[in-house]
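If you want the building blocks of each chain, they are given just below.
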Amino acid sequence: MSKSPPHFCPGCGVERKANPRYPWNFCTDCRKRATNGSGRVVQCQNSSMSGGFEWRYEGEDDWTACKGLYALISNRDVYLTEARFGGIVAQPLLPRHKAENMDGSFANMDIRKD
């Protein structure tokens, strides 16, 4: 059995346990710093014990249920959504120009840096 490659949070660089389902997920500390485009902090949680996803702006009372949320972490585009077995996962989005200029291979892509 091969050993998983090391994984580092794309927001702060802290080493994390590798997760093949979410290969470049952000750590919890960075996820909690997610903001909208105006800098308002967004909070995310599961809707219930059986899952689901909802979010709100920090300091507000009302939660909005949805499938996921586009936000920013460290001025980087991310997608926040429900993780497979509960919890919330934040993953970086590739800039569109990188995806369009690729040679069809992900071999040389390291999305920890932009």
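Coordinates for the structure precede this section.
Residues numbered from 1 in each chain as written. Predicted model: local features only at pLDDT ≥ 70, side-chain atom pairs only at ≥ 80, totals over all residues. Heavy atoms only, no water.

Engineer: So what about the packing of aromatic side chains? Which residues, and what values?
Structural biologist: Under the definition given, this model contains two aromatic pairs. With centroids separated by 5.0 Å and ring planes inclined at 90 degrees, the aromatic side chains of Trp 55 and Tyr 57 adopt a geometry described as edge-to-face. For the pair Trp 55 and Tyr 57, a shared accessibility class is recorded, and that class is buried. An angle of 45 degrees between the planes, with centres 5.0 Å apart, marks the rings of Tyr 70 and Tyr 79 as tilted. When its relative accessible area of 24% is taken as the criterion, Tyr 79 is described as partly exposed. (Phe/Tyr/Trp six-rings, centres within 6.5 Å; stacked < 30°, edge-to-face > 60°. Buried < 20%, exposed > 50% of the residue type's maximum accessible area, 1.4 Å probe, protein only.)

Engineer: Residues and numbers for the pattern of salt bridges, please.
Structural biologist: In total, this model carries one salt bridge according to the counting rule given. A salt bridge links Glu 60 to Arg 40; the shortest N-O distance between them is 2.8 Å. Taken together, the residues span a long stretch of sequence, with Glu 60 in the loop between strand E4 (54–57) and strand E5 (64–65) and Arg 40 in the loop between helix H1 (28–31) and strand E3 (42–45) at a distance of 20 residues. (Salt bridge = Lys/Arg side-chain N within 4 Å of Asp/Glu carboxyl O. Helix = DSSP H or I, 4+ residues; strand = E, 2+ residues; numbered from the N terminus.)

Engineer: Please provide a residue-by-residue account of unusual backbone geometry, values included.
Structural biologist: The backbone of Ser 74 shows a phi angle near 50 degrees, a positive value even though the residue is not glycine. Secondary-structure assignment places Ser 74 in the loop between strand E6 (68–73) and strand E7 (76–82). By relative accessible area, Ser 74 is classed as partly exposed at 43%. Here the phi dihedral of Asn 75 falls at roughly 60 degrees; this positive angle occurs in a residue that is not glycine. Mapped onto the elements, Asn 75 comes out in the loop between E6 and E7. With relative accessibility at 73%, the residue Asn 75 sits in the exposed group.

Interpretation note: all reported values are geometric properties and have no functional meaning in isolation.
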